[in-house]
Amino acid sequence: MLFCLFYLHFAYKIGSEHQLIVGSIRSYHRPIPYDYANKNLFCSEKNSGILHQKFGDVIIGEVRMVSPYKFSLGNKIVRSQLCSKRYDDTQKAQLRLLIDNDYHYNFEFDNISCISYENEQRKIGARIGFKKDNKYYLYTELNFLLHLSSLTGEAEVRGFDLLSLKEPVDIDSKDINFTYSILFDDLVDNTNARDKRYIE
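The structure contained in this document is the topic of the report that follows.

Here the focus is the nonpolar core. Formed by 46 residues in total, the largest nonpolar core has its most connected members in F42, F107, F144, L146 and F178. In terms of residues, this core owes the most to one element, strand 13 (residues 135-148), which gives 6 residues.

Let's shift gears to the layout of surface pockets. There is about 150 Å³ of room inside the second largest pocket. Taken together, S116, Y117, E118, N119, R127, L162, L163, S164 and L165 form the lining of the second largest pocket. Among the elements of the structure, strand 9 (115-118) and strand 14 (154-170) are those that each provide at least two residues to the lining of the second largest pocket. Examining the composition of the lining of the second largest pocket, we find that 4 residues originate from one element, strand 14, more than from any other.

What follows concerns the state of the cysteines. Simply put, the disulfide is a covalent bond whose two ends are the sulfur atoms of two cysteines. For the coordinates displayed, the defined rule picks out 1 disulfide. Bridging C43 to C83, the disulfide has an S-S length of 1.8 Å. Across the S-S bond of C43 and C83 the torsion is about -75 degrees, and the bridge reads as left-handed. Taken as a pair, C43 in the loop between strand 3 (26-27) and helix 1 (55-60) and C83 in strand 5 (residues 77-85) lie far apart in primary sequence, 40 residues in all.

The subject of this paragraph is the packing of aromatic side chains. For the coordinates displayed, the defined rule picks out 13 aromatic pairs. For the ring pair F42 and Y105, a centre distance of 5.4 Å and an interplane angle of 70 degrees mean the geometry is edge-to-face. Here the residue F42 occupies a position in the loop between strand 3 and helix 1, and Y105 occupies one in strand 6 (residues 103-105), the gap between them amounting to 63 residues. In terms of burial, F42 and Y105 fall into one category: buried. One aromatic cluster is present, built from ring pairs that chain together Y36, F42, Y69, Y105, F107, F144, F160 and Y180.

Calculation rules
- Residues numbered from 1 in each chain as written.
- Predicted model: local features only at pLDDT ≥ 70, side-chain atom pairs only at ≥ 80, totals over all residues.
- Heavy atoms only, no water.
- Core = buried A, V, L, I, M, F, W, Y, C linked by side-chain atoms within 4.5 Å.
- Buried < 20%, exposed > 50% of the residue type's maximum accessible area, 1.4 Å probe, protein only.
- Helix = DSSP H or I, 4+ residues; strand = E, 2+ residues; numbered from the N terminus.
- 1 Å grid on protein atoms, 1.4 Å probe; cavity = no way out; pocket = protein on both sides within 12 Å on 5 of 7 lines; lining within 4 Å.
- Points joined across faces, edges and corners; volume = space filled by probe spheres on them.
- Disulfide = S-S within 2.5 Å.
- Phe/Tyr/Trp six-rings, centres within 6.5 Å; stacked < 30°, edge-to-face > 60°.

The following block contains the structure:
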């Protein structure tokens with residue numbers, strides 16, 4: 001299942017301020033997307049409305065919005081606090097349903113989707129959590145890596161990875177803290193890296 005489309009991309013100034021885009025949470029087992037902001041399950045940007053939807057997005061129920069994951073291009077962020085949650089019974093039931101059906105986060109930057117790796121298999125997006133011994137765990141620390149064409153001056157984005165999923169937390173915990181890191185590297189000698197990562 002691949003949700004990537006190709007668009008024009010741009011050069012950005014190192015040090016410029018940005019936010020990741022988050023799309024609907026998607027499952028590898030069910031065709032129905034789930035609105036990231038529904039039921040206040042995850043960290044959301046205040047007053048962030050739905051971004052422009054194409055006709056196809058409306059048909060399939062795809063919703064994209066600005067996320068609270070903020071960064072300055074080229075300046076790494078390590079374990080930045082995002083938000084804290086305490087779930088009620090209705091929210092926990094919804095999280096269990098999403099985890100049981102293998103729903104994945106779907107982040108974007110510069111019109112490319114974040115890639116993660118599970119058992120050496122490349123996937124678009126990253127799973128929100130897992131079930132073990134009849135308990136449900138949520139991944140609360142996301143570590144991103146942006147591949148750039150340069151780390152000085154201006155840079156094009158060559159790739160967007162989720163390095164690892166850390167700090168799984170039992171959804172029954174009283175206080176659940178979400179954090180994130182964003183790192184950068186340069187792929188100056190690989191001008192076709194962006195396209196190859198999504199078509200191989």
